[in-house]
Amino acid sequence: MNYSEICARMPWELRSRIQAETVYAPWLGQGYGLEDIWADPVVLETIFNQMGPDERTVLEGIVRDIGSELFDAARLEKSARGLLSGAEMKAGLAGLLRKGFIFAFRKTWGELVYLLPEDSFGLWQQIMFPELAVVPPDGTALSGIEPIEAVKTDIRRGLFQALVFAAQQELKLTQNGILHKKQLQKWLELIPLNETLLQGTTIKYAYADAYPMKAAIMLDMLLRLQLIVPDGETLKLQSKALKTWLNRSVNEQHLVLYSIWKRLTLPAEAWLQHAVSLLERSDHGHWFSPLGLLTGLERQGLMPVPAESGLEERLGRLQQKWLDPLAAMGWLEKGTEALGGRVHYRWCVRLFQASRTPQESEEPGRFMVQPDFEIIVPPDVTDEVCWELCCIADPVAHDQVSVYKLSKASIRRALENGRTAEEMAEFLEAHALYGVPDHLLPAIEGWARPFGKLTFANSLLLRCDDEETALTVAKLPGAAPYIQEAVGTKDYIIALDDLQPLAAVLEKAGYMPGMPLLLNGKNGSGRGRSYPKLADVNLQEDEADAEFQLSMDRGLIYSRNSAHYLQLESQLPEPADLYPDLKDIPPMWLKDYRTYHVSTRKEIVEKAIEMKTLLQVRMNGTDYRVAPRKVQDTRGTWWMTGVEQRKDRLPQALEVRWHAGEWDEMKLILPGINDKY
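Computed from a prediction, not measured in an experiment: that's the story for all the values here.

Caption draft 1: Highlighting the pairing of strand S18 (residues 622-634). In this sheet, S18 lies alongside strand S17 (residues 614-619) in antiparallel orientation, the contact comprising five bridges. Following the sheet pairing, Val 617 is matched in S18 by Tyr 624. Pairing geometry for S18 and strand S19 (residues 637-644), over eight bridges, is antiparallel. Looking at the pairing, Val 626 lines up with Glu 644 of S19. Connecting S18 to the next strand, S19, in antiparallel fashion are two residues, including Arg 635 with a positive phi near 50°.

Structure, rendered in structure tokens:
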């Protein structure tokens, strides 16, 4: 779950409480919002350096060993690797919750679980492990890598073709809510995803018995982007969402699609999440090996131990669960060494690096109209131009350079979808790089001329029982706008779209009209093919500039992370909330050093063990902090065994075993209450 999704669910009281944290004051005063702060690596690093040792240690453990996975208190304790006491861990987590670096979610039975937002993981990785990098392949490998299969298309282009198919064919659903088999088969031929490379994914989705994986992925993307929505027995194309999507730059579209894929399929293991984040930072167009990714993680201590025994297995998991699926989507290119056959990958789209795109350039690309009615379309032609071109011409080839062809059938399709011969001619002339050959426009005009001479109108006949009823109906308030013309003395022609509103008027007047069974098998307005003309779609300014708000409850693929289904906890823990029994502890135990009777010492130690907290003791003029673990009675006296908690948080913390009277003074330490030296 990303910050954008969490912020959309965040109640105002939680947001205002987080904004009240003093560390945010300098940036909030400069006009930053919380979302700006959480996305700025420089600001985050500054705050990280100001955080207390407990908060830093807890956050480092989460980033290193848990990642963006839901976790509970037991998992958090394991990630601390013995560097913190239980109370220190609770105090550190509370500080992170108050800063909005970690969020709490409540399960139905009340248990709290916690989450590091997914889009902050990569930022924390860079802050905590600045030297992390992919180990490059040797020079021999770099000079001998050949692509296994050239990347001709990608999921962004496949999505565009799916939208064209939906506009031209109308996606009809069966009673079970799935696409008809014949239509699905035609659509599958247009989907460019390599299913062989998708086999390693573990996604689960609805209608798995009916849809191949690549169809489910494409439908899921369309639904989450709200480009299509269920509408009775069809999946209906949404004109405004379509225009907004096609107006986005190529880079923006790729980022949105990658974001959806990542949210649905990000591996659960922290080391794989580190590999994913490191991969996102690697250079576009440069070959890297999966082994180089894992070697980079291992050098920073981010691979689970032992690594050697399972290295081949981990390489396989990295490739099958993440790298190969990205290659199937067209984001990565896969290659092998000419000698040795080792696998390498490289980015073939600029997902994470700014690039000038056709939609952003001052001069968008143009196509070339050939004398043989073919149209050659370079990759710099905008999506909106390609959309209109697909209405009037048929695809011949899809590649880096695509080819379309004008025909009598394609011109008829455009006419049936509201285009005129004049509009088609104007469109071609406006976007043709070298103009339109002289004979093409007369041909289009000739193909279009017979269209509309005769028309089958999609209308209904309102049949009245007698002339008196017909006259009464014509005079009913609200009925006149829906009556097109009279047929004889007892009948009226009604537009198909006006059936429902006129029926409502008649029923309000006391009539009970019999409803027809329409050709599409339902009572109501039928719908023919509809290829939206984007020039006629008006977007409000906020719609044109809006970021896509992805809805994780849409789509076919089941989300791997269940945080979307849990309640966001709005209450933040205060230091006193961490210790329900605080009122029962004598105040003097928490104040200055004191010398206590041996029996009181034992009582304080046992209370520290019960609360999983610390003692601060002074022995021979030196201060120590100890997390006591056990009290052992021996021959009328007792010994305390514990772990010394050092300021540097090094894992070489020493176990200590002290006799009851061995130290001079002591006090009980409750992190967040009296934990300052």
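Caption draft 2: Up close: the environment of Ala 20. When you line up the elements, Ala 20 lands in the loop between helix H2 (12-19) and helix H3 (25-28). Exposure remark for Ala 20: the relative accessible area of 53% places this residue in the exposed category. Considered as a pair, Ala 20 and Lys 99 are 79 residues apart in the sequence and their alpha carbons are 9.1 Å apart.

Caption draft 3: Examining the confidence of the model for the protein chain more closely. With 90% of its residues at a pLDDT of at least 70, the protein chain reaches an overall mean of 86. In the predicted structure, residues 354-361 sits below a pLDDT of 50 and forms 21 contacts with residues beyond four places in sequence or in another chain. Across residues 519-528, confidence stays below pLDDT 50; counting only partners more than four residues off in sequence or on other chains, it has 20 contacts.

Caption draft 4: How the structure looks around the sheet that holds strand S7 (residues 332-337). On the basis of which strands lie adjacent, the open sheet formed by three strands has the order S3-S7-S8 and antiparallel pairing. With one partner strand each, in any of the chains shown, strand S3 (145-147) and strand S8 (343-347) form the two edges of the open sheet. Taken over all neighbouring pairs, the strand axes of this sheet differ in orientation by 40° on average, direction set aside.

Caption draft 5: Just the nonpolar core, in detail. Core analysis: the largest hydrophobic core is formed by 159 residues, its most contacted members being Trp 38, Trp 187, Ile 217, Trp 331 and Trp 387. If we skip the residues at most four places from it in the chain, Ile 217 touches Ile 155, Leu 193, Leu 198, Ile 203, Trp 261, Met 329 and Ile 557. In terms of nonpolar packing, the next biggest core, distinct from the first, is built from 26 residues, Ala 94, Trp 589, Trp 658 and Trp 663 among them.

Caption draft 6: Up close: the sheet that holds strand S16 (residues 567-568). Strands sit in the order S2-S1-S16 across an open sheet of three strands; the sheet is antiparallel. Where the open sheet ends on each side, the last strands, each with one partner, are strand S2 (112-115) and S16. Relative to S2, strand S1 (residues 103-106) runs antiparallel, the two sharing four bridges. Bridging across to S2, Ala 104 finds its partner in Tyr 114.

Rules used in this analysis
Residues numbered from 1 in each chain as written. Predicted model: local features only at pLDDT ≥ 70, side-chain atom pairs only at ≥ 80, totals over all residues. Heavy atoms only, no water. Pairing = 2+ DSSP bridges. Helix = DSSP H or I, 4+ residues; strand = E, 2+ residues; numbered from the N terminus. Buried < 20%, exposed > 50% of the residue type's maximum accessible area, 1.4 Å probe, protein only. pLDDT = per-residue confidence, 0-100. Contact = heavy atoms within 4.5 Å. Axes fitted to C-alpha atoms, helices over the stretch in contact; angles between N-to-C directions. Core = buried A, V, L, I, M, F, W, Y, C linked by side-chain atoms within 4.5 Å.

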